[in-house]
Amino acid sequence: MGGVGASIGADTDWAYVGGRLATGLAEISRDPAALDRPGFWVVVLTFEGALTCARFAEVRFEEMPAASWHGPKPRDWATSLDETRYVERVDAVKDRIAAGDVYQVNVCRTLTARSDAPNLWGLASLLRERHPSRHAALVCLPSVGVHVCSASPELFLARRGDLVETRPIKGTGVTAADLLAKDHAENVMIVDMARNDLGRIARTGSVHVSGLCQVEPYPGLVQLVSTVRATLRPGVSWAEILAATFPPASVSGAPKSTALRIIAELEPVPRGPYCGAIGFVDSANGAAILAVAIRTFWLDDAKLAFGTGAGITWGSNPLAEWAETELKARRLVALASASARITTGAR
């Protein structure tokens, strides 16, 4: 392997986000205030709020170098919630909805398999070749133990100057004909949450929905996507932006504060990077792209992990929600269980 790839080893800190290859680690920070300083910052924010900001000195647009991948065996995967226990959680959420405590809660589970991979470079190469995504990302930070690979289709926040945009995804089917009234209601509730979140940091009257419940195809499924845009108030910091909008509305619930308490009660393990945010912030150039870290793998204590979930509303069928988590996981976990030698970058 020649070029940049030849200089990347298992102990190298580097990242590939937003179509940019970032090398030459200059600084690690856990403080969101760092994102207001000049520099290209790679961001990984766990669902529970643990922030890693890595500033890189060398950033360029180019294809990610390729690497081989050797995945776990398909039978080696375990789940934090099996079908019976997941269905019980869905019923518990519906009880809370009936009691008037909440309108929607995203219920997730984590799949894990033993892995001796030093990083996820090879898996990222495999996904870019066989499962292309709008917000593909790879973060390898062995110096701080952060290894995340994402094939996310969902935009959490994009920033261009004082303009911000979010594109929540809610509602999933194999084809557009599978999308139900429940899926549309779920999406609209999340759009209202996104409008409210952006309204806390936006100029009065600037929040608007430019696209509502649009059907978009992704590998193996279709989903409903909406777009919400706003203009930031002068002087808003990144700490204020994240405090107002995180965790993303689409992976928490409505109202968010209550949904987060229910998630903490019902889910047996922390989500970690899954359902958090991954991407970059370049404040000097007024640019940022942060994706919702769905369709995402990470390394955790010699295990390869992957999260999957579904939004639960009063109209949810518990077995159908379990099937949705299976649909979202099936293709990607199968790819992660493969072994492949990748000789090219993304096509």
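**Q** I'd like to hear about the side chain of Glu216, residue by residue, with values.
**A** With respect to the helices and strands, Glu216 occurs in strand S13 (residues 208-218). There is a polar contact of 2.5 Å between the side chain of Glu216 and the side chain of Tyr218. Apart from residues no more than four positions distant in its own chain, Glu216 is found in contact with Arg134, Arg167, Leu221, Val222, Gln223 and Val225.

**Q** Describe the environment of Leu266, and please don't skip the residues or the numbers.
**A** Along the polypeptide, Leu266 turns up in helix H5 (residues 256-266). Assessed through its relative accessible area of 14%, Leu266 is described here as buried. Residues Leu266 and Ala277 lie 11 residues apart in sequence; the distance between their C-alpha atoms is 22 Å. Apart from residues lying up to four places away in sequence, Leu266 is in contact with Arg89, Ala92 and Val93.

**Q** Kindly report on the packing of helix H1 (residues 83-98) against H5, identifying the contributing residues and their values.
**A** Axis separation between H1 and H5 bottoms out at 11 Å; the angle between their running directions is 150°. For the pair H1 and H5, the crossing hand works out as right-handed. Along its contact with H1, which presents Arg89, Ala92, Val93 and Arg96, the element H5 presents Ile262, Glu265 and Leu266. Looking at side-chain class alone, the contact of H1 with H5 contains four nonpolar, no polar and three charged residues.

**Q** Give me the lowdown on the packing of aromatic side chains, citing residues and values where you can.
**A** Throughout the structure, instances matching the rule amount to five aromatic pairs. A centroid spacing of 5.1 Å and a plane angle of 15° characterise the contact between Phe40 and Phe280, whose relative ring orientation is stacked. A residue pair is termed long-range when its members are at least 10 positions apart, and Phe40 in strand S3 (residues 40-45) and Phe280 in strand S16 (residues 277-282) qualify at 240 residues. Note on Phe40: relative accessible area 7%, which makes it buried.

Calculation notes
Residues numbered from 1 in each chain as written. Predicted model: local features only at pLDDT ≥ 70, side-chain atom pairs only at ≥ 80, totals over all residues. Heavy atoms only, no water. Helix = DSSP H or I, 4+ residues; strand = E, 2+ residues; numbered from the N terminus. Polar contact = N/O pair within 3.5 Å; in protein donor to acceptor, adjacent residues only side chain to side chain. Contact = heavy atoms within 4.5 Å. Buried < 20%, exposed > 50% of the residue type's maximum accessible area, 1.4 Å probe, protein only. Axes fitted to C-alpha atoms, helices over the stretch in contact; angles between N-to-C directions. Left-handed = near helix turned anticlockwise from the far one by under 90°. Nonpolar A, V, L, I, M, F, W, Y, C, P; charged D, E, K, R; others polar. Phe/Tyr/Trp six-rings, centres within 6.5 Å; stacked < 30°, edge-to-face > 60°.

By themselves, these figures tell us nothing about what the structure is for.
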